[in-house]
Structures are given as structure tokens and as C-alpha cells.
Amino acid sequence: MSRSAAAAAGLGKDLVGIEHLGARRITSILDTAEPFKEISERRIKKVPTLRGLTIVNLFFEASTRTRISFEFAEKRLAADTVNIGASRSSVAKGETLVDTARNLEAMKIDMVVMRHWASGAARFLAERIPSNVINAGDGAHEHPTQALLDMLTLRDHLGAIAGRRVCIVGDVRHSRVARSNIFGLLTLGAEVGVCGPPTLIPPHMRELGVRIFHRIEEAIEWAHALNVLRLQLERMEAGFVPSLREYNRIWGVSRARLAVAPEPLLILHPGPMNRGVEIDSDVADGPHSVILEQVTNGVAVRMAVLYLLAGGRPEKAEAAKAEEVA
Amino acid sequence: MPDQFRIPIMREDAVGRAIARMAREILERNEGTERLALMGIHRRGVQIAHLLQDEIERAAGVRVPRGSIDITLYRDDLMAIGPRPVIGESKLPPGGIDNRAVVVVDDVIFTGRTARAAMNELMDWGRASRIYYCALVDRAGRELPIQPDIVGRAVTVLPHQRVDVMVPEIDGVLGVDVVTTSPEAA
Amino acid sequence: MSPRPLWIRGGRIIDPAAGLDATADLLLLDGRVAECGGEVEGPADAEVLDARGLVVAPGLIDVHVHLREPGGEHKETIATGARAAAAGGFTSVCAMPNTSPPIDDPASVGFVVAEGRRAGGARVYPVGAISAGLEGRRLAEIGEMVAAGAVGITDDGHPVMDSGLMRLALEYALPFGIPVADHPEDLGLSREGSMNEGLVSARLGLVGKPNASEDIHIVRDLLLAELTGGRIHLQHVSTAWGVEAIRQAKARGVRATAEASPHHLILTEAAVEGYRTDAKMNPPLRTGADVAAVRAGLADGTLDVIATDHAPHHYDEKESAFDDAPFGIVGLETAVGLVLTHIVGEGVIDLPTAIERMSPAAARAFNLPGGTLAPGSVADVTLIDPARAWAVDPSRFLSKSRNTPFAGLELTGKAVMTIVGGEVVWREDGSG
């Protein structure tokens, strides 16, 4: 078997984005996540799968949720974890990303989970170090594990992804969550819409095969599920929207707006929520909200990704296969 | 690599007799069905456990609880063999395993590594009062100091030979074959 | 002391300014062209160069290079830049003023002139700043800089955001006869951008610079040149509408010249895929439609000159996340090969037109000596082997920097000898 064929069977060295994964790999990650859901229900929520591996959670941007979700996933697989936050690491002292990475390598680590402010940073790191790299969000580019957990949640409730209509609502322009979801959902055959003020929707999205809605009412009428993005306060300060109040009145997902939908919509939100801005509390806490399931699925999906990457070293798999025949 | 030789060593009736004997032995060792539970190891141990459950019910009139266990995440060779994307379901028997005599059911015991992994996993699940290890086939080649308590049949095979247990749910038949894979043996 | 006479025999002399394209001899004497055309009888002490199979062109001129000195000597110096220019076939370069400190007064202009003379490569002509400190607030000492040797003014690297200041610059420069060069970019539309705004930027999650950010300032500059009667030189034009706006303005008689850079003639935004920082430049690589328009503009003369925007950067500055990397690529040592292979080779313009765009048109835009082989002109000559096949190998660059998206590219056509003032300043050693 050629190396490329071996790589195609697994996930390869890194998970940098969803865009080039392909349907087979995405489905394989989602399927692998299923049994991992159950581990978190056990009395001893831990399996020894990644025992002895050292995983560094390298967060150049604060993100309590994503980091904790990864940390749970790592610990439940028995890996050793080290957290490095931007304020504590040496970025502040002007060290470059390459130097940070090489220093980590020198301490003999196995995997890096990285959040970085620059688009492309995860790929940059992955190309330069032999450790597995998992992108936990790079700039406005991708946040692959978030999209995977969103897709797992959608699949749990809609039965399938193909043919379903999912609309991403809010600040698509600055959102890595939106991009990863768009790539993944399109790959799995869903119809994808985006909805928000035109200042927050990159016009070229249409060329990706995405429907653009500027009115939330139209999006609600069309979609089976809404993935509501967080509206950052900075967007208002930068002038993309005049005020949070106006945003809520025109694009906020409210119970009254959802009431006119032909059938109940599934409501997702990657968190953390701004209640009363992009989503009203009675929707977030309502019967069709799956926001907490997303959080639960997040741990399972991340366990699946860690598991697949840890074993996914094609050269080792090949060597072992030769022995296994005996 | 194509199989060079496939020799049946147990057909359906032979497996059936072995299962019946194993069921009796389980009942003898446990002195009945009191607090007994079966745990089949994925994949084919699950079916063997099912057969044992039926057999025990026939012999003792009691349907003992049965669960399943997938040891993939407890393997000691993940880094070497690459991931198994399909992980089977691990399911406790109704009532759990605490203070129960748990019979772990495997299709073939070979290196002992599966048994090791299964016992580690069981201990994470709870505290069984006793664990029995039960395999339909015992073949040579142990790499760990682990021996089964109850065996359907011991076979002597060479290192380049493989023992295949077949169950109806997966393979369409019930039986055991010895497969010779090495080309020089042909 | 004058160098030995050079008797260049049997080459294809292409001198667009004189309308000459013929196999002929060229004699250089005392730093000047003595005779050009037909069979020439050289003096006995002349060094004879057999130029059969080679193109003999007036020395190539790059009106847009960044030599980084002072302040950025780890990227390039005037000396290394002048030698890299000579190795690329250039006999003259115009050095941009965005150094540290910037070239915004007569003393710093004098420094560039002096360093350029010492370098012994291509001639180095300083371009001074439009505004003091490149800050875009008030005019620099333009008259004094011209007196010290500046051949033009620009705030390149930064656009002149204040249209009022741009108007003043165009007016004030009039009596000095120099062009006012501008990097046209409306930062209000593009400040955060690191590549072209389009489908690729939307996919990669990078902030884009829309064409409009360049177009608005091109149109503004043309209108201001029209208003003032000044001479505007638009740098590195990359957009389809930008080219069209210049075409229309020239038809109205606006005094405008404009540049096309080899990378904007050859590459599209697709080169950025994979976050390749060597494809990060400003203006950014744009779409295929823009490349086609820039090519058409070069062909019909809307874009007068080919200029490289040679922008050296140290390797570890480009070894970073895309947003953090600086803009720009080196261009001096790849320009001739790229133009011959991809612009002439793909039929955009013929070889004499390419030489016109790289020599006489450049000389005219900045009133530089050279650009012709007419007897009496400076003996700046470039010999080109149009058939030489070679591959771009950045490790062999004479430039201090290696940041090019063209590494490994197979090209046909290379400058093999560069003569400045009758002296051979660079000679291809034959091995590559």
C-alpha cells in the first residue's frame, strides 16, 4: 500500500480544517465519536487509550470553553496535558510562532491543540513540526472540531445531513465556525444558507454554493436548523452594526419569529451566548435548543479526533500491518 | 495475502457441544446462576456469550444478565496498528457488574493481551466479585501470564496459522477453521 | 580613467527608441555609445565581445525597487541591491524612499547617490519622499532633494491619503520636471487586508483588499493630475478598472505614466493558497480577469513600464502566519526571465516592445539617461540570451533576500551581461 493510500484511510497527521477532508473522513470522525459519547457516562470516565502521550493546549487567544472541552477529551483518554495561554507563554516577549513550536518540540511532545488569532496559523505549525496538530480555531479561517460537533448534533436530530437545510446566522465574515460548518455541511450534501447584515456576510460566499439571506424571517422559513453565531461586541465598535439593540431587533432569533416556521427549527449555538442579542433566552432555553448537547458532543468529537490522530501515523500502521499478518 | 489453506476443525454441532460443556462448567464453578453475568468481547465474543446465555438458561432455567465490551480503547498497541475507526459498543449487563461473578467471553485466546485489556476495562466499569475468563478456542502463543478458566477447545497451531471463529450473525455459519497464511507452508 | 573600448559584434541590436532591430555591431568608447548599427570597425585596443545569438539592448531600467538602506540592511543594502540589479540585467534602478529613516531630505538623497556610486553595480537613482517622514502631512524638501539627485518623489509603501496633499505635491513638483509617483490605495477600504478580496480570501478567512481600494486612488490621482497639469506616475497597477481609468485619462491628455509588475502580469490570487507568504504583496495578486487587463494595458501602452517593485525581506520575517508577514517579493533577478518566458513567450508583447517597456519608457518616465543606444548616449547596455533555459534558484541570488514565489520555476531567457558606462559590471559565468 502506498503512503498516500494509507493516509487516505486515516486522518493523516493533522486536523487543520474541514475544507479538504472529504465526506468519507468527516463521516468516519462522526461515527467514531458515537462510542466516545458513552465513555463520559461511565463511573470512571477515563480509558487508557492515549496513556503516555503529551498534549499541549497552546492558546494564543483566550477560549475557556474550547480549551476545557479539549482538556476533558484529552484527560478522558488518559493523555498528559499542558496548557499554555498567550499571557503566560513567551509570545508576549516577541517570540515567533516557529520558535514557540520548536521549543515545545524540544520538550518531546506528541500533539498540539492550537488556538491562534491568525488565519492559517494551524497549517503553518503543522507544516513545521512532526507532532500532530489540531486546529482549535485559527483567525477567521476554520474551527474544525466545532463544525464536527455541530454536524454530529445535527445528525443526531435530523437523522442525516444530506438534503437538510442549515442556516448560519450572524457574523459570518469574522467566523471560523461559519467557514468550517459551510465546508463540512456542503461536503456532506446539506443545503447551506447564511443570514445576517450584509456588512457581516462576505459577498463571495455565494460562489461557494451558499444561499445568502439578509432577512432572518426568510432564513427561518427556509431552514431545518439555525446555527446562531455569537455577535462580538467589537463588531459594533468597528462599525459593522450600528448597535446591539438594533441587531437584536432585526436579526435576533426570537420565539415570535420562530413561531411562524412551518415546522420547529433545531437551534444550535457554538457559545458563549449573548442572550438578548443574537438569541433570546426563551429560544436558547426552549424545547428545540440543542445547545447543551453540542457541548456534550464536543467532548466526544474531540476524543474521536484525538484517537484517530494518535493512531493515524500511516508509516507505523504499515509496519504493524506487515507483522499482523503472521 | 490470500488464504493458502482453510481447514475446518469444528463444525456447528461441535461448537454447540463445546458451548454446552462450557455452560455447565460455568455453572459448576459458580455453584449456580447466583449473581452471575456474562460479558462478550467484541466482535465474536458477543455472539459466543449469547449462545452461552441460551445454554445456561436451558440448563438452569435462569436467563443470566449479559453485556458486551469493546477493548479497542484499552489496547496497548494503538500507536503501532493505527486507529480502528469503528469502535463497538460497550454495554454493562442489566444491574451492572458490582459484586457479580463476571464471565468474560472471548472467541480465541492467543497472546493474552485482549484478556489483559478486557480485565482492565472491567475494573474501570466496577468491582466484580470474581472474573472468569472463557474462550471458545485456546491456541498457543501467550505473551502474558494469563490463562483462561474455561475453554471450549484447545488447539495446537503453528505461528503462521490463524484460528478463525465464525458466528452466524457475522459470518453466516457457526464453526472454527484453522487458516494457514504463510506461503512456504503451501 | 576610461575603461577599455568594447566592441560588441554580431548581436541582434534592439533599440526601440531609434526604431532599430537588426544584426549589427556596437562600439562603446569612453563611457558613451560611439557607433551603433551596421558593421563597425573597432579600435585595436578594444575588447571584442561575440554577441552572435544574443540580443543587445539599451540597459534595462527598473523604476521601482526597495534597497532598504538605511535601516533595513539585514534585508538589502544599496550595494547588494545594485549588484542584484546588474545580475538581473538592469543598468539603472530607482530606489524608493521608505527606508528608516526615510529619504525625505537632501542629505539622505546624497547618501543614496554616494552609496550607489560606490556599489559598482547598476546606477542607483534615489526617489525622494513626497511628505516629510512619509507621514502624509506636509511636503518634504522636494526642490532640494531634486538638486541632490532625486529623480522623482513618492511616499511608496504608504499611499498619500490626503487628496489635498497630493494636489500640492503635483503642483509643487511642476517646476522641477519630476514625476510624482503614487502607491494608489485607499486605506479606509484596505487597511486590514492582506490579500485580494475575493473567493480565495473568503475561503481562507483572510481580510481582503478590494479592487476599489486601488481604483479610487488611481482615479483620484488622475483627476488631480488633470486639475494641476502635474505628472503622475502610478505604481504597480494591478486592477482591470485601474488600467481602464488610466487608458481613458491618457486619451484625454492627462500627463500620466504607469507601471506593471511581473507578478501582477503572471500570478493570480490562487498563488496565496496554503497561506504562502511569498505570494503576499501590496497591491495583492488579483484575479485572472485583472491579470488579463494588466497584460492588455501593457500591450497597448496604457501601462508604460515594467517595474519589479523589488521588495526584499529577511527569511524569518516571511516565516510567519500570513497576516504577520510583510508585503513584497524580490524581483530584480527574475524579471527578464519572467518577461521573456511569460509575457513575450505567451504573445502578450513582442521582444522589442518588452525592451521598450523596460528601458526607454522607464527612462522617459523618470527623465533618466539611457534607454537608447544612439551614438552619444551613455554606454548602458544589456545583453540577453533569449534561448537560455534556467530555473529560479533563490540561493544563487545576489540580493540579500530570497522571498520569491517563483522559486524553482523553469524560465527561458536571461540577461547574460550588464554594461554600465561602458564597463562590464556583471557577466554570466556560463554555468547557469
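Residues numbered from 1 in each chain as written. Chains lettered and ligands numbered in written order. Predicted model: local features only at pLDDT ≥ 70, side-chain atom pairs only at ≥ 80, totals over all residues. Heavy atoms only, no water.

Within chain B one finds 5 helices and 8 strands. Relative to the 2.2 N^0.38 estimate, which gives 16 Å for 186 residues, the radius of gyration of chain B is 16 Å and therefore close to what a compact globule would have. By principal-axis analysis of the C-alpha atoms, chain B measures approximately 50 × 40 × 30 Å. Every one of the 186 residues in chain B was classed for burial, and the buried ones make up 53%. In chain B, of all internal contacts separated by at least 6 residues, the share reaching a separation of at least 24 is 70%. (Helix = DSSP H or I, 4+ residues; strand = E, 2+ residues; numbered from the N terminus. Rg over C-alpha atoms; globule rule 2.2 N^0.38 Å. Buried < 20%, exposed > 50% of the residue type's maximum accessible area, 1.4 Å probe, protein only. Contact = heavy atoms within 4.5 Å.)

The next thing to look at is the overall build of chain C. Across its full length, chain C carries 14 helices and 18 strands. Since a compact globule built from 432 residues should have a radius of gyration of about 22 Å, the 20 Å found for chain C is in line with a globular shape. Expressed along its principal axes, the backbone C-alpha trace of chain C runs to roughly 65 × 45 × 40 Å. Going through the 432 residues of chain C one by one, you find that 62% of them count as buried. Sequence separation of at least 24 residues holds for 75% of the intrachain contacts in chain C that already meet a minimum separation of 6. For chain C, the accessible surface area stands at approximately 14,600 Å², while carbon and sulfur atoms represent 52% of it. (Areas by Shrake-Rupley, 256 points an atom, 1.4 Å probe, with all protein chains shown as cover.)

Further remarks concern the packing of aromatic side chains. Residues and elements named next belong to chain A. In the structure shown here, the tally under the stated rule is 5 aromatic pairs over all chains. Taking 5.9 Å as the distance between ring centres and 85 degrees as the angle between the ring planes, the aromatic pair formed by Phe60 and Trp117 counts as edge-to-face. Within this pair, whereas Phe60 is found in the loop between strand S1 (54-59) and helix H3 (64-76), its partner Trp117 is found in the loop between strand S3 (111-116) and helix H5 (121-126), the two being separated by 57 residues in sequence. Residue classification places Phe60 among the buried residues on the basis of a relative accessible area of 6%. Looking at Trp117, the relative accessible area reads 40%, which means it is partly exposed. (Phe/Tyr/Trp six-rings, centres within 6.5 Å; stacked < 30°, edge-to-face > 60°.)

This part takes up the pattern of salt bridges. Residues and elements named next belong to chain A. Tallied over the entire structure, the rule returns 56 salt bridges over all chains. In this structure, Lys37 and Glu34 form a salt bridge, with 3.2 Å as the shortest nitrogen-oxygen distance. Residue Lys37 and its partner Glu34 are located together in helix H2 (residues 23-39), separated by 3 residues, close to a single helical turn. The class of Lys37 is partly exposed, set by a relative accessible area of 22%. For Glu34, a relative accessible area of 30% puts it in the partly exposed group. Between Arg235 and Asp171 there is a salt bridge, with its nearest N and O atoms 2.7 Å apart. Residue Arg235 is located in helix H9 (residues 233-237), and its partner Asp171 is located in the loop between strand S5 (165-169) and helix H7 (176-187); the two are separated by 64 residues in the primary sequence. One salt-bridge network, in which partners are shared between bridges, spans Asp31, Glu34, Lys37, Arg155 and Asp156. (Salt bridge = Lys/Arg side-chain N within 4 Å of Asp/Glu carboxyl O.)

So, about the packing of helix H8 (residues 240-252) of chain C against helix H10 (residues 288-299) of chain C. For any two helices packed against each other, the geometry is given by the interaxial angle and the distance between the axes. All names here are of chain C. The N-to-C vectors of H8 and H10 enclose an angle of 25 degrees; their axes lie 8 Å apart at closest approach. In terms of orientation, H8 lies roughly parallel with respect to H10. As for the relative orientation of H8 and H10, their crossing is left-handed in sense. Here Ala240, Val243 and Arg247 of H8 lie close against H10, whose contacting residues are Ala289, Asp290, Ala293, Val294, Ala296 and Gly297. (Axes fitted to C-alpha atoms, helices over the stretch in contact; angles between N-to-C directions. Parallel < 35°, antiparallel > 145°, perpendicular 65-115°, else oblique. Left-handed = near helix turned anticlockwise from the far one by under 90°.)

One finds Ile153(C) and Leu222(C) to be the most contacted residues of the largest nonpolar core, which totals 87 residues. Take this core: its biggest share by element is 6 residues, from helix H12 (residues 335-344) of chain C. Among residues more than four places away in sequence, those in contact with Ile153(C) are Val127(C), Gly128(C), Ala129(C), Ile130(C), Ile142(C), Met145(C), Ala169(C), Ala173(C), Ile178(C), Pro179(C), Val180(C) and Ala181(C). Counting 85 residues, the second-largest nonpolar core is a separate cluster that includes Val177(A), Leu78(B), Ala118(B) and Ile131(B). (Core = buried A, V, L, I, M, F, W, Y, C linked by side-chain atoms within 4.5 Å.)

It is worth spelling out the confidence of the model for chain C at this point. Scored by pLDDT, chain C has a mean of 96; 99% of the residues are at 70 or more. For this predicted complex, the interface score ipTM comes out at 0.89, while the overall pTM is 0.89. (pLDDT = per-residue confidence, 0-100.)

Turning to the interface of chain C and chain A, a few remarks are in order. If you look at the interface, chain C gives 17 residues, while chain A gives 22 residues. Counting each side, the surface lost to burial between chain C and chain A is near 1,500 Å², with a carbon and sulfur contribution of 54%. Applying the counting rule to chain C against chain A returns 3 salt bridges. With its nearest N and O atoms 3.2 Å apart, the salt bridge here joins Glu127(A) to Arg276(C). Between the two partners, chain C and chain A, sit 6 residue pairs in polar contact (both at pLDDT 80 or more). Class assignment for the residues of the side of chain C that touches chain A results in 7 nonpolar, 4 polar and 6 charged. (Buried area = accessible area lost by both parts, 1.4 Å probe. Polar contact = N/O pair within 3.5 Å; in protein donor to acceptor, adjacent residues only side chain to side chain. Nonpolar A, V, L, I, M, F, W, Y, C, P; charged D, E, K, R; others polar.)

Before going further, it helps to spend a moment on the pairing of strand S8 (residues 175-180) of chain B. Residue and element names in this part refer to chain B. A large share of S8 lies buried, amounting to 6 of its 6 residues. The side-chain alternation of S8 yields two buried faces, one formed by Gly175, Asp177 and Val179 and the other by Val176, Val178 and Thr180. When strand S1 (residues 5-10) meets S8, the two strands line up antiparallel, connected through 5 bridges. Its bridge partner being in S8, Pro8 is matched across the sheet by Asp177. Pairing analysis gives 6 bridges linking strand S7 (residues 161-166) to S8, with the strands arranged antiparallel. What sits directly across from Met166, in S8, is Gly175. (Pairing = 2+ DSSP bridges.)

The subject of this paragraph is the sheet that holds strand S6 (residues 150-155) of chain B. Residue and element names in this part refer to chain B. Spatial ordering of the open sheet is given by S3-S2-S4-S5-S6, a layout of 5 strands whose pairing is parallel. The open sheet has two edge strands with one neighbour each: strand S3 (66-69) and S6. Between one strand axis and the next, the sheet turns by 25 degrees as a mean value, whatever way the strands run. As judged from the 5 bridges shared by strand S2 (residues 36-41) and strand S4 (residues 101-109), these two strands associate in the parallel manner.

This part takes up the sheet that holds S8(B). Residue and element names in this part refer to chain B. Taken together, 3 strands build an open sheet; the order of strands is S1-S8-S7 and the sheet is antiparallel. At either end of the open sheet lies a strand with only one pairing partner, and these are S1 and S7. Averaged over all adjacent pairs, the angle separating strand axes in this sheet is 25 degrees, with direction ignored.

Of note, the amide linkage connecting Gly271(A) to Pro272(A) takes the cis form, showing an omega dihedral of -10 degrees. On the secondary structure map, Pro272(A) appears in the loop between strand S9 (266-268) and helix H12 (281-284). Residue Pro283(C) is bonded to the preceding Asn282(C) through a cis peptide linkage, with omega at 0 degrees. Position of Pro283(C) relative to the elements: it lies in the loop between helix H9 (262-266) and H10.

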